[in-house]
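Below are the chains, spelled out letter by letter.
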Amino acid sequence: MTEQPAGAPKKHTTPRPIRVPDPLWQAYGRVCGRLDTDRTNDVLEHMKARVLEYGTDEDKADLARAEQELAERRARKGGRPAGS
């Protein structure tokens, strides 16, 4: 992976590995499929809802910055990825 210049906007979101038992991961994927979403978008929506419900002003400001970052990234790439 190449280094980005300091202060330059990131080119991608940072992967965040989590530990999940395989059977739960498979079941969750099937449920998300029935809900016409995917795991990533479902988890992101849950995280946003938690921040909005329980977050401090600082947390909500960070959420707003994150939403702006995603909007800018999607605008450069032509919208949300397929299946989103």
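As the structure is a prediction and not an experimental result, all values here were calculated from the model.

Each value, and the rule that gives it
Chains are numbered independently. Their residues run from 1 in the order of the written sequence. Owing to the predicted nature of the model, reporting of local features is limited to residues with pLDDT of at least 70; listing and counting of side-chain atom pairs is limited to 80 or more, with chain, interface and lining totals taken over all residues. Water and hydrogen atoms were dropped before computing side-chain values, which therefore reflect all heavy atoms in the structure. Under the scheme used here, helices are H or I runs from DSSP no shorter than 4 residues and strands are E runs no shorter than 2 residues, and both carry numbers assigned from the N terminus. To sort residues, take the accessible area from a 1.4 Å probe on protein chains only and compare it with the maximum for the residue type: under 20% means buried, over 50% means exposed, and anything in between is partly exposed. Residue burial considers only the protein chains on display, and all accessible areas are found by Shrake-Rupley using a 1.4 Å probe. To define axes, lines are fitted to C-alpha atoms, for helices over the stretch in contact only, and angles between the resulting N-to-C directions are given on a 0 to 180 degree scale. An angle below 35 degrees is treated as roughly parallel, one above 145 as roughly antiparallel, one from 65 to 115 as roughly perpendicular, and anything else as oblique. Two residues qualify as a contact provided that any one of their heavy atoms is within 4.5 Å of a heavy atom in the partner residue. For this scheme, ten residues count as nonpolar: Ala, Val, Leu, Ile, Met, Phe, Trp, Tyr, Cys and Pro. Four count as charged, namely Asp, Glu, Lys and Arg, and the remainder, Gly too, count as polar. Working rule for helices: expected span equals 1.5 Å times residues minus one. Within 3.5 Å is the distance limit for a polar contact, defined as a pair of N or O atoms, with the added protein rule that one can donate a hydrogen and the other accept it, and that residues adjacent in sequence qualify only through two side-chain atoms. Pairing of aromatic side chains here covers Phe, Tyr and the six-membered ring of Trp, requires ring centres within 6.5 Å, and sorts the geometry by plane angle: under 30 degrees stacked, over 60 edge-to-face, intermediate tilted. Crossings are classed by handedness, with left-handed meaning an anticlockwise turn of the near helix from the far one by less than a right angle and right-handed meaning a clockwise turn.

Participant: What exactly am I supposed to notice about the overall build of the protein chain here?
Facilitator: In terms of helices and strands, the protein chain carries three helices and zero strands. Ordered by position from N to C terminus, the α and β elements of the protein chain give α-α-α. Burial statistics for the protein chain: of 84 residues in total, 8% are counted as buried. If you sum the accessible surface of the protein chain, you get close to 7300 Å²; carbon and sulfur atoms cover 56% of it.

Participant: Even after reading the chapter, I still don't get the packing of helix 1 (residues 22-34) against helix 2 (residues 39-54), so can you show me in this structure?
Facilitator: The relative placement of two packed helices comes down to the angle between their axes together with the axis-to-axis distance. Orientation of helix 1 relative to helix 2, taken along the N-to-C sense of each, is 90°, at an axis distance of 9 Å. Comparing their axes, helix 2 and helix 1 come out roughly perpendicular. Residues Trp25, Gln26, Tyr28, Gly29 and Cys32 of helix 1 form the contact with helix 2, whose participating residues are Arg39, Asp42 and Val43. Of the residues that constitute the contact of helix 1 with helix 2, the class distribution is four nonpolar, two polar and two charged.

Participant: Just to check I follow, could you spell out helix 2 for this structure?
Facilitator: An α-helical segment advances 3.6 residues per turn. Residues three or four places apart therefore align on the same side. Counted at 1.5 Å a residue, the expected span for helix 2 with its 16 residues is 22 Å, and the 22 Å between its end C-alpha atoms agrees. Its side-chain oxygen 3.1 Å from the backbone nitrogen of Thr40, Asp38 forms the N-cap of helix 2.

Participant: Got a minute to help me understand the packing of aromatic side chains in this structure?
Facilitator: The description of an aromatic ring pair rests on the distance of the ring centres and on the angle between the ring planes. For the structure shown, the criterion picks out one aromatic pair. Aromatic side chains Trp25 and Tyr28 sit 6.5 Å apart centroid to centroid with 55° between the ring planes, which places their arrangement in the tilted category. Here Trp25 pairs with Tyr28, and both are found in helix 1, just three residues apart, close to one helical turn. On the accessibility criterion, Trp25 (31% relative accessible area) is partly exposed.

Participant: Would you take a moment to explain unusual backbone geometry for this structure?
Facilitator: Trans is the common state for peptide bonds, and a negative phi is the common state for residues other than glycine. The phi dihedral of Asp36 falls on the positive side, at around 60°, and the residue is not glycine. Mapped onto the fold, Asp36 is located in the loop between helix 1 and helix 2.

Participant: Looking at this structure, I do not really get the environment of Asp42. What am I missing?
Facilitator: With respect to the secondary-structure elements, Asp42 resides in helix 2. Classification of Asp42 by relative accessible area gives partly exposed; the value is 27%. As for Asp42 and Tyr28, which are separated by 14 residues in sequence, their C-alpha atoms are 9.8 Å apart. The contact partners of Asp42, leaving out residues within four places of it in the chain, are Tyr28, Cys32 and Thr37. Polar contacts involving the side chain of Asp42 include one to the side chain of Tyr28, which spans 2.4 Å.

Participant: Teacher, can you tell me more about the packing of helix 2 against helix 3 (residues 57-77) here?
Facilitator: At a minimum axis distance of 9 Å, the contact between helix 2 and helix 3 shows a crossing angle of 145°. At the point where helix 2 passes helix 3, the crossing takes the left-handed sense. Across from Lys48, Val51 and Leu52 in helix 2, the residues of helix 3 making contact are Asp59, Lys60, Leu63 and Glu67. Looking at side-chain class alone, the contact of helix 2 with helix 3 contains three nonpolar, no polar and four charged residues.

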